[in-house]
Structures are given as structure tokens and as C-alpha cells.
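Chain residues, written in single-letter form:
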Amino acid sequence: MKNLKLVLFTFLFATIATAQIKGTLTGFTIDKDVNNGALAFATVLVKETKTSILSDENGKYSIYLNPGKYTIEFSFVGYESFEKAITIKTGQVTTIDGHLGSGNYTLKDVTAEAVPMKNTESEIIAEVK
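Rules of the game
- Residues numbered from 1 in each chain as written.
- Predicted model: local features only at pLDDT ≥ 70, side-chain atom pairs only at ≥ 80, totals over all residues.
- Heavy atoms only, no water.
- Pairing = 2+ DSSP bridges.
- Helix = DSSP H or I, 4+ residues; strand = E, 2+ residues; numbered from the N terminus.
- Axes fitted to C-alpha atoms, helices over the stretch in contact; angles between N-to-C directions.
- Core = buried A, V, L, I, M, F, W, Y, C linked by side-chain atoms within 4.5 Å.
- Buried < 20%, exposed > 50% of the residue type's maximum accessible area, 1.4 Å probe, protein only.
- Contact = heavy atoms within 4.5 Å.

Undergrad: Looking at this structure, I do not really get the pairing of strand E7 (residues 82-88). What am I missing?
TA: Regular strands place side chains that alternate from one sheet face to the opposite one. By the bridge criterion, seven bridges tie strand E6 (residues 68-75) to E7 in an arrangement that is antiparallel. Directly across from Tyr 70, in E7, lies its bridge partner Ile 86. In textbook terms, the turn of a hairpin is the stretch between consecutive antiparallel strands, and for E6 and E7 this stretch comprises six residues, one of which, Gly 78, has a positive phi near 85°.

Next up, the structure:
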């Protein structure tokens, strides 16, 4: 029992010590096209560390980072990406909201071509007869 308490205390102490060395980046991913509503499950990428997370169902995200300068990229399928340069300081919370909107994407002309199928079921039956 004493060993379990020691392990738990050590883990808790290490977690608190690590959190004080790092800074926190937090914020929301926001959909500009829906009256600035939450954009759930958008990707938040820290380019320098290649670390990415998804925002939760309310659009909230949070990342612990070492102090330094980073480029944060917010993205979501069908939306234009958004990048922001930030500076993380030890023990401080930096709040950045990612405002994403759908892009003006247009498709080029699409051509559909019909090709007769060979070896269909009726052709095979006709060959057997």
C-alpha cells in the first residue's frame, strides 16, 4: 500500500512539475459560415512539432507545448485552412481561436462516358447455350 501511494505521489508531482515547465495553447475552432458556431472535430496542427489534435464536440482544444515560437494550422475538410504564428511562454496560457470558413471551390468540367460491359450474366448464358 505504501508503494502504491509513493508511485501515485511521484506521478502527480512529475505531472505538476512538467506542466509548470510548459505553456498551454487553448481555444476554439469556429465556423464563420454558421454565425461563428463551434466547429467540432477540426484539426489543430503545430507545424514545428508535427503534433496535431482534434477539437472536441464543442470546438474546444488544448495543447501543452514547450516555450518557443510555433505556427498553428487549423483545418477541416471542405474549409479553407487558417494559420497563426504564436509564442508560448512558460506557465502561461495562450488562447487562439481558429476561424474557418468554406472556400470558394469550383469544380472543373466533368465528363462522363458510358462503356459497354462485357462478360455480363446474360452474355455468359448466351455463350453457354
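Undergrad: How do you make sense of the sheet that holds E6 when you look at a structure like this?
TA: In a beta sheet, neighbouring strands are held together by backbone hydrogen bonds and run either parallel or antiparallel to one another. Ordered by their spatial adjacency, four strands build an open sheet running E4-E3-E6-E7, and the pairing between neighbours is antiparallel. Pairing within the sheet leaves two strands with one partner each, and these edge strands are strand E4 (51-54) and E7. Between one strand axis and the next, the sheet turns by 25° as a mean value, whatever way the strands run. Note that strand E3 (residues 43-46) and E6 share four bridges and pair antiparallel. Across the sheet, the residue bridging to Val 44 is Phe 74, located in E6.

Undergrad: Help me understand the nonpolar core, please; the structure alone is not making it clear to me.
TA: Most often, soluble globular proteins keep nonpolar side chains buried together rather than apart. Leu 25, Tyr 61, Leu 65, Tyr 70, Ile 72, Phe 74 and Ile 86 are the most contacted members of the largest nonpolar core, which totals 16 residues. At the level of elements, E3, strand E5 (60-65), E6 and E7 are the ones that each hand at least two residues to this core. Tyr 61 has contacts with Leu 25, Thr 26, Gly 27, Phe 28, Val 44, Ile 53, Ser 55, Phe 74 and Ile 96, leaving out every residue within four places of it along the chain.

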